[in-house]
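Residue strings, one per chain:
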Amino acid sequence: MDGVHDMGGMDGYGKVVPEPDEPVFHEPWEGRVMAMNRAMGTTGTWTIDRARFFRESLPPPVYVSASYYQKWFLGLREMLLEHGLIDTDEIVAGRSLRAGKALARGPFTAADLPRVMTRGRFGRPPQAVARFAIGDRVRARNIHPMGHTRLPRYVRGHTGTIELIPGAHVYPDTAAAGQGEHPQWLYTVVFDSRELWGEDADPTVTVSIDAFEPYLEAV
Amino acid sequence: MKPVSAPAHPGPEHGSPLSDTDIRVRALETLLTEKGYVERAALDAIIEAYETRIGPHAGAQVVAKAWREPEFMQALLQDASKAIAALGHVSQVGDHLVAVANTAATHNLVVCTLCSCYPWEMLGLPPTWYKSAPYRSRTVKDPRGVLADFGVTLPAETRIRVWDSTAETRFLVVPLRPEGTEDWTEAQLAAIVTRDSMIGTGLACLPQGA
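Remember, it's a predicted structure, so these values are computed and weren't measured experimentally. (Residues numbered from 1 in each chain as written. Chains lettered and ligands numbered in written order. Predicted model: local features only at pLDDT ≥ 70, side-chain atom pairs only at ≥ 80, totals over all residues. Heavy atoms only, no water.)

### Some thoughts on the environment of Tyr13 of chain A
Stage number 1. With respect to the element layout, Tyr13 of chain A can be found in the segment before helix H1 (28–41).
Stage number 2. For the pair Tyr13 of chain A and Phe191 of chain A, spaced 178 residues apart in the sequence, the C-alpha separation amounts to 24 Å. (Helix = DSSP H or I, 4+ residues; strand = E, 2+ residues; numbered from the N terminus.)

Here it is, written out as structure tokens:
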């Protein structure tokens, strides 16, 4: 979706403000939100792509004004409701009013900690021969899917060069929609900054994205 | 029309404009535990891991080793996941880590314009600025301006390569090793490898007064 989350190249947000000696969490609730997201993420109810889609689907004014972990909290709560794991009346009551549902991989217990601490694997056996090779010139397609996509707006319609091919990976666009993994070849595509931002752009800058094969067309 | 100047702090990136966030988070946790979906102690363990064990020291150890051992550097740049997994004890890095080394000619800078993708296993949880709108919006368009916000100025001819983390690949920058550290131990070197230098918003520098 062409959402406010797709921030690459937008102006007006001001300077980056680093915080010296920043704590891991600024408030205890931020840690609880992170942990609840990680824990529920391992129960097999939804994919990481679906979690991202719920966060980026927050209303734009909420997305830009809420803090990072507030977005995680709101996205998590929406997903729990959407998947029927909790109900609105229970949120109002602040407690459980009916029995929980069975989770695909069972509840998250302390014994599951290693599972959450190990990075997920997204590589999959390729379903077809790779359409592009390293060095190929490709154009990012001018597409505007209403669902989740990982093709940022600022590269659409622009031409770049394939530099790396990390392999075939879970396709976020279908995984986020609950339509399965449909593995696709992934390519690191590098763009000249003048191709992206015009002739006045800094010629010493190049920008790469990782693009799934359906995002690209031959030039 | 007169342009409106950008506010110094465009939005709350932490803290709580919603005063009852804390209460609502507690309520949700109660709900999830009463439903039997999560154990409270398991949540405590996740928080404890990120607060105490998983952090930039893992990445710094890898960079320091790469600086000292050309063979490890080569293996790291060829397949970072494999090279780090072979060390056995650093971090559960998974399959999709890519290490990119800065050179005198090229500086690497990592961002996630769409959300907050970051090499957690190497650097811990990302700092607030990395997840903020200013960083996510400007880095791909004005990386020198972003570096200036960090007090970093590169020579005008240095090429800048920005890596936008749009898939599950994660990027670790291997900063340039400062001159004068030729006989340093791995531990001494690791101490000067900052988190920001492994994102690309900082440089590895000799300590002040050294």
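This is not the end of the story, as more comes after the structure.
### Thoughts on the interface of chain A and chain B
Stage number 1. Contact residues are listed per partner, giving 92 residues for chain A and 86 residues for chain B.
Stage number 2. Summed over both partners, the interface of chain A with chain B buries about 7,800 Å², with 60% contributed by carbon and sulfur atoms.
Stage number 3. Considering only the side of chain A, the residues that lose the most area to chain B are Val16, Arg32 and Arg119 of chain A, jointly responsible for 10% of the buried surface there.
Stage number 4. In this assembly, chain A and chain B are joined by 10 salt bridges.
Stage number 5. Residue Asp11 of chain A pairs with Lys141 of chain B through a salt bridge whose shortest N-O separation is 3.2 Å. (Contact = heavy atoms within 4.5 Å. Buried area = accessible area lost by both parts, 1.4 Å probe. Salt bridge = Lys/Arg side-chain N within 4 Å of Asp/Glu carboxyl O.)

### Remarks on unusual backbone geometry
Residue and element names in this part refer to chain A.
Stage number 1. Its identity is not glycine, yet Asp21 carries a phi of approximately 50 degrees, on the positive side.
Stage number 2. Note on Asp21: relative accessible area 79%, which makes it exposed.
Stage number 3. In this structure, His182 is a non-glycine residue whose phi angle is positive, near 30 degrees.
Stage number 4. Here His182 lies in the loop between helix H7 (172–175) and strand S3 (184–192).
Stage number 5. Taking relative accessible area as the criterion, His182 reaches 45% and is therefore assigned partly exposed. (Buried < 20%, exposed > 50% of the residue type's maximum accessible area, 1.4 Å probe, protein only.)

### Brief notes about the confidence of the model for chain B
Residues and elements named next belong to chain B.
Stage number 1. Put simply, chain B has an average pLDDT of 90, and 89% of its residues get 70 or more.
Stage number 2. Confidence over residues 1–13 falls short of pLDDT 50; this stretch has 16 contacts with residues more than four positions distant or in other chains.
Stage number 3. As a predicted assembly, this complex carries a pTM of 0.93 together with an ipTM value of 0.97. (pLDDT = per-residue confidence, 0-100.)

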